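Descriptive analysis of the structure
Next come the chains, spelled out residue by residue.
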Amino acid sequence: METLEMKTKIINGSISCLSELPEEKIFVVSDPFLLETPIFSQLQAALASKQVKIFSNIQPDPPIEQVMEGIEEMKAFAPEAIVAIGGGSAIDAAKGMKFFYNKLEENAKIFFVAIPTTSGTGSEVTSFAVITNKDTGTKYPLVTDEILPELAILDVELVKTVPPKITADTGMDVLTHVLEAYVSTGHNDFSDAYAEKVVQLVFEYLPRAYKNGEDTEAREKMHIASTLAGIAFNQAGLGLNHGIAHAAGARFHVPHGRMNAILMPEIVAFNAELEQNVNNECITAARYANLARLIGCSSASSRAGVNYFIRAIKKLRATLDMPSTLQEWGLKKQDVLKEIQIVAENALKDPTTATNPRKPSEDDVVKILEKVL
Ligand SMILES: NC(=O)c1ccc[n+]([C@@H]2O[C@H](COP(=O)([O-])OP(=O)(O)OC[C@H]3O[C@@H](n4cnc5c(N)ncnc54)[C@H](O)[C@@H]3O)[C@@H](O)[C@H]2O)c1
Ligand SMILES: [Zn+2]
């Protein structure tokens, strides 16, 4: 049985439509950087007639303590709606707040609005929130439909200020979401349709958005791609790329999308069983080859398709001036080696790894990390 259910209403338009919300008491969750930008003035103008409480402490990779702080403020304010505006970190923290607040205040009915200001996580349409536990050095994905936003507003003007490095990181996160969704054990025809479209959009428009942040067409296509990718992986699940990225990101503090991009070619090679003999009949390899054809590969062979796709990822990564190894990013080899075993253990425990098409062992994960050292 395949089910496609979409709870989130998506508006591709302007943040100004917030003024039409019927709710009066609005709890805004954001990050300190955005508070100082014109984006915030626009938000305040749209909410001018409402009672607004702003919580803008959110740091990248939000820790559980910030979620708890937000809940205390919510208890005092008793909001009717939450407006989360920012990157995945702000939206995920707000999702955590909504989830735990609802557990504490049983009759609370809070309308949740997500306004992404990066084109990356797709958090505005997913049941996922990634919260960091600093004590254990782990990132924990909270996965429940209770945190799906009721409304997502995509406003291309908000992403034009994203600097090139973050455009590259978040754009590669979009690509990782669909690559994982497309080969996941949970994929279906619905998620495939979204994933195939997104692969085409990313290869065409991410280099343009990176080179010129004011390119409205490229920015809008990437913003939509990010949301479509969210819909795809919310249906199909993710895989080992995210499992390792969560485990390694929490230890090494590499931005989420950059960590995904460093791992991506090795994950594709692992899932496609490229180390096995030539002409294997790997189903996952055939699926990657489908995607390769969408971006110009003319070979009928799965193996050639996978190799084409891996080269295309590396070329895209180079166009975006991204590192291809952890050392190139700035980590010291001995520091990574010290943590490699615990990262591998945590990657296998990460819930996103469960839908990877090939079951990895701890040794497999260590080998992948050694290849990107
Ligand atoms: N919920 C999900 O489905 C999901 C999926 C993937 C990743 N994640 C999580 O999301 C987080 C990453 O989110 P992200 O990649 O969006 O980054 P982010 O939210 O951490 O933001 C990165 C930086 O970009 C800045 N920024 C945001 N919008 C900007 C703008 N318009 N102009 C200039 N700067 C801007 C922020 O201030 C911050 O410094 C990680 O914790 C990751 O694990 C969640
Ligand atoms: Zn991601």
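Parameters and conventions
- Residues numbered from 1 in each chain as written.
- Chains lettered and ligands numbered in written order.
- Predicted model: local features only at pLDDT ≥ 70, side-chain atom pairs only at ≥ 80, totals over all residues.
- Heavy atoms only, no water.
- Donors = N, O, S within 2.8 Å, 3.2 Å for Na, K, Ca; no water.
- Tetrahedral: all angles 85-135°; square planar, octahedral: opposite > 155°, others 65-115°.
- Helix = DSSP H or I, 4+ residues; strand = E, 2+ residues; numbered from the N terminus.
- Buried < 20%, exposed > 50% of the residue type's maximum accessible area, 1.4 Å probe, protein only.
- Expected span 1.5 Å × (residues − 1).
- Disulfide = S-S within 2.5 Å.
- Phe/Tyr/Trp six-rings, centres within 6.5 Å; stacked < 30°, edge-to-face > 60°.
- Lys NZ or Arg CZ within 6 Å of the ring centre and 35° of its normal.
- Pairing = 2+ DSSP bridges.
- Axes fitted to C-alpha atoms, helices over the stretch in contact; angles between N-to-C directions.
- Contact = heavy atoms within 4.5 Å.
- Domains from an automatic or database assignment.
- Buried area = accessible area lost by both parts, 1.4 Å probe.
- Salt bridge = Lys/Arg side-chain N within 4 Å of Asp/Glu carboxyl O.

Here the focus is the coordination of the zinc ion (ligand 2). Within the protein, the zinc ion (ligand 2) binds to D173 (OD), H177 (NE2), H242 (NE2) and H256 (NE2); these donor distances fall in the range 2.1 to 2.2 Å. Around the zinc ion (ligand 2), the 4 donor atoms sit at angles spanning 87 to 170°, and that spread fits a shape best called irregular. Counting residues between consecutive donors of the zinc ion (ligand 2) along the chain gives the motif D-x3-H-x64-H-x13-H. Taken as a pair, H242 in helix α8 (residues 240-252) and H256 in helix α9 (residues 256-271) lie far apart in primary sequence, 14 residues in all. Just as H242 is buried, H256 falls in that class too.

A few words now on α8. For α8, spanning 13 residues, the distance from its first C-alpha to its last is 17 Å, which sits close to the expected 18 Å at 1.5 Å a residue. Most of α8 sits inside the fold, with 12 of its 13 residues counted as buried. Along α8, the residues that are buried comprise L240, N241, H242, G243, I244, A245, H246, A247, A248, G249, A250 and F252. Looking one or two residues past α8, H253 carries a phi angle of roughly 60°, positive in sign.

Below, the discussion takes up the state of the cysteines. Throughout the structure, instances matching the rule amount to 0 disulfides. Not engaged in a disulfide, the cysteine C282 finds its nearest cysteine sulfur in C297; these two sulfurs lie 16 Å apart. In this structure C282 comes out as buried when scored by relative accessible area, which is 9%. Here C297 falls in the buried class, since its relative accessible area comes to 8%.

Bringing the packing of aromatic side chains into the picture now. Taken as a whole, this structure holds 4 aromatic pairs when the rule is applied. Ring plane angle 80° and centroid distance 5.0 Å describe the contact between F99 and F100, whose orientation is recorded as edge-to-face. With a relative accessible area of 13%, F99 lands in the buried category. A relative accessible area of 28% means that F100 is categorised as partly exposed. The ring of Y182 has R287 lying over it, and the distance from NZ or CZ to the ring centre is 4.1 Å. Sitting above the plane of the F270 ring, R358 keeps its charged end 4.2 Å from the centroid.

All right, on to the sheet that holds strand β4 (residues 81-86) then. The parallel open sheet is built from 6 strands, whose spatial order is β1-β8-β5-β4-β2-β3. A single partner strand is all that each edge strand has here, and the edge strands are β1 (9-12) and β3 (51-55). Each strand of the sheet is rotated relative to its neighbour by a mean of 20°, with strand direction disregarded. Strand contacts of helix α4 (residues 88-104): β2 (25-29), β3, β4 and β5 (111-116), with the helix running at about 160° to β4, the strand carrying the most contacts.

Let us now look at the domain arrangement of the chain. By domain assignment, the chain separates into domain 1 (9-158) and domain 2 (164-371). Using C-alpha coordinates to define each centre, domain 1 is positioned 27 Å away from domain 2. Counting from both sides, the interface comprises 23 residues of domain 1 and, opposite them, 27 residues of domain 2. Summed over both partners, the interface of domain 1 with domain 2 buries about 2100 Å², with 60% contributed by carbon and sulfur atoms. When the buried area of domain 1 at its contact with domain 2 is split by residue, S119, K139 and V156 rank highest and sum to 27% of it.

Bringing unusual backbone geometry into the picture now. Despite not being glycine, A78 has its phi angle at roughly 50°, a positive value. Mapped onto the elements of the fold, A78 is located in the loop between α3 (64-77) and β4. Positive phi, close to 60°, is recorded for H253, a residue that is not glycine. Following the sequence through the fold, H253 ends up in the loop between α8 and α9.

Glancing now at the pattern of salt bridges. For the coordinates displayed, the defined rule picks out 15 salt bridges. Across the pair D215 and R208 runs a salt bridge, and its minimum N-O distance is 2.9 Å. On the accessibility criterion, D215 (15% relative accessible area) is buried. Between R358 and E275 there is a salt bridge whose closest N-O contact spans 2.7 Å. Note that R358 is positioned in the loop between α13 (333-349) and α14 (362-371) and E275 in the loop between α9 and α10 (283-294), a separation of 83 residues in sequence. Classification of R358 as buried rests on a relative accessible area of 18%. With relative accessibility at 51%, the residue E275 sits in the exposed group. Where salt bridges share partners, they join K7, K98 and E150 into one cluster.

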